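# Architecture and fold: a report
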Amino acid sequence: MSLSIKEAGENDSPLIRELASRIWEHTYRAILSKEQLGYMFEMMYSVEHIIRQMTELHHRYFIVCADSEPVGYLSIEKETDDKYIFQKIYVVPEFHGKGVGGYLFKQGVEYLKTVALAPFTVELYVNRANPSVGFYEHLGMKKTATRDYDIGNGFFMNDFIMTIIIE
């Protein structure tokens with residue numbers, strides 16, 4: 001399997017939404033209620049919201065392909081000159097366990113090395129009940145805090161804040 005990554009533009013917003021629709025329920029159905037899943041998906045993955053993240057909030061999106069087929073995405077937000085947040089890092093379920101997530105994470109770090117001065121911190125928010133916590137620890141990230149973030153409609157994101165310092 002050949003992996004590649006490309007930076008996404010506004011025209012890729014429908015593709016990102018489509019990938020998210022294949023990933024979202026599988027990832028969160030055992031963790032979140034159906035109501036919260038639907039609310040969060042529409043809030044975070046409307047084409048308009050993705051474009052707003054790209055244009056107004058300056059998130060960088062990347063799409064990972066396996067043998068030229070889009071299978072996942074990453075969104076990076078610059079918080080400060082030395083702190084970046086991997087807002088979204090997802091791979092379609094049929095490619096879990098095949099090295100795609102690790103490749104996507106490492107490519108995101110490599111991109112940051114081209115735009116940031118070392119050392120810098122990469123931060124990621126992971127639902128505390130998400131089994132991927134172990135995956136991120138395997139990549140060198142550490143649980144450094146928790147957060148209970150109110151997203152509206154009575155829903156919260158209950159996350160570990162995970163960090164890694166890149167030298």
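In case you missed it, the structure is sitting above this.
## Observations regarding the side chain of Asp 12
- Note that Asp 12 resides in the loop between β1 (3-7) and α1 (13-28).
- Looking at Asp 12, the relative accessible area reads 15%, which means it is buried.
- Sequence-distant contacts of Asp 12, that is, excluding residues within four places in its chain, are made with Lys 6, Glu 7 and Ile 63.

## Concerning the pattern of salt bridges
- Applying the stated criterion across every chain yields a total of twelve salt bridges.
- Ionic pairing is found between Lys 113 and Glu 110, a salt bridge with its closest N-O pair at 3.3 Å. With Lys 113 and Glu 110 both in helix α4 (residues 100-115) and three residues apart, this pair spans about one turn of that helix.
- Taken together, the salt bridges that share partners define one network made up of Glu 79, Lys 83 and Glu 123.

## Quick look at the packing of aromatic side chains
- Scanning the entire structure with this criterion turns up 13 aromatic pairs.
- Ring plane angle 55 degrees and centroid distance 6.3 Å describe the contact between Trp 24 and Phe 41, whose orientation is recorded as tilted. Here Trp 24, found in helix α1, pairs with Phe 41, found in helix α2 (residues 34-45); they are 17 residues apart in sequence, far enough to count as distant.
- Phe 41 gets classed as buried once you look at its relative accessible area, which sits at 11%.

## Re the packing of α1 against helix α3 (residues 47-55)
- Contact geometry for α1 and α3: axes closest at 9 Å, N-to-C directions at 120 degrees. When the interaxial angle is binned, α1 and α3 end up oblique. Crossing geometry of α1 relative to α3 is assigned as right-handed. Contacts between α1 and α3 pair Ser 13, Pro 14, Ile 16 and Arg 17 from the former with Val 47, Ile 50, Ile 51 and Met 54 from the latter.
- Among the residues making up the contact of α1 with α3, the classes are represented as six nonpolar, one polar and one charged.

## Some thoughts on the packing of α1 against α2
- Contact pair α1 / α2: the axes reach a minimum separation of 11 Å and the direction vectors enclose 155 degrees. With respect to α2, the axis of α1 lies roughly antiparallel. Where α1 crosses over α2, the handedness of that crossing is right-handed. Residues Ile 16, Arg 17, Ala 20, Ser 21, Trp 24, Glu 25 and Tyr 28 of α1 form the contact with α2, whose own contacting residues are Leu 37, Met 40, Phe 41, Glu 42, Met 44 and Tyr 45.

## As for the nonpolar core
- With 54 residues, the main nonpolar core has Ile 16, Trp 24, Tyr 45, Tyr 73 and Phe 86 as its most contacted residues.
- Beyond its immediate sequence surroundings of up to four residues, Ile 16 is in contact with Ala 8, Tyr 45, Ile 50, Met 54, Tyr 61, Ile 63 and Tyr 73.

## Observations concerning the pairing of strand β4 (residues 83-91)
- Extensive coverage of β4 is indicated by the burial of seven of its nine residues.
- Here strand β3 (residues 69-80) pairs with β4 via eight bridges, running antiparallel. Counted as the bridge partner of Lys 78 is Tyr 84 from β4.
- Linkage of β3 to β4, two consecutive antiparallel strands, is achieved through a turn of two residues.
- Sheet analysis places β4 next to strand β5 (residues 120-127), joined by four bridges and oriented parallel. Note on β5: the bridge partner recorded for Ile 85 is Glu 123.
- Chirality of the crossover, the property in question, places the unit of β4, α4 and β5 among those that are right-handed.

Reading guide: rules and limits
- Residues take numbers from 1 onward in each chain, read along the sequence in its written order.
- Under the rules for a predicted model, residues below a pLDDT of 70 receive no local features and side-chain atom pairs below 80 are neither given nor counted, while totals for whole chains, interfaces and linings still include all residues.
- Excluded from the side-chain calculations are hydrogens and water; all other atoms, namely the structure's heavy atoms, are used.
- Secondary structure elements follow DSSP: runs of H or I of four or more residues count as helices, runs of E of two or more count as strands, with numbering from the N terminus.
- With a 1.4 Å probe rolled over the protein chains alone, any residue whose accessible area is under 20% of its type maximum counts as buried; one over 50% counts as exposed, and the rest are partly exposed.
- Note on contacts: a residue pair is in contact if any heavy atoms of the two residues lie within 4.5 Å.
- In what follows, salt bridge is the name for a side-chain nitrogen of Lys or Arg lying within 4 Å of a carboxyl oxygen of Asp or Glu.
- Each aromatic pair joins two rings of Phe, Tyr and Trp (for Trp, the six-membered one) with centres within 6.5 Å, and gets the label stacked for planes under 30 degrees apart, edge-to-face for over 60, and tilted for any other angle.
- The convention used is that axes are lines fitted to C-alpha atoms, helices contributing only their stretch in contact, and that angles between N-to-C directions extend from 0 to 180 degrees.
- When an angle is under 35 degrees it counts as roughly parallel; over 145 it counts as roughly antiparallel; between 65 and 115 it counts as roughly perpendicular; any other value is oblique.
- Working rule for handedness: look at the near helix, and if it is turned counterclockwise from the far one by less than a right angle, call the crossing left-handed; if clockwise, right-handed.
- For this classification, Asp, Glu, Lys and Arg are treated as charged, while Ala, Val, Leu, Ile, Met, Phe, Trp, Tyr, Cys and Pro are nonpolar and the rest, including Gly, are polar.
- Nonpolar cores were defined as sets of buried Ala, Val, Leu, Ile, Met, Phe, Trp, Tyr and Cys residues, with membership established by side-chain atoms within 4.5 Å.
- Strands qualify as paired when DSSP identifies two bridges or more between them.
- A clockwise path from the first strand over the helix to the second, with the strands pointing away from the viewer, defines a right-handed crossover.

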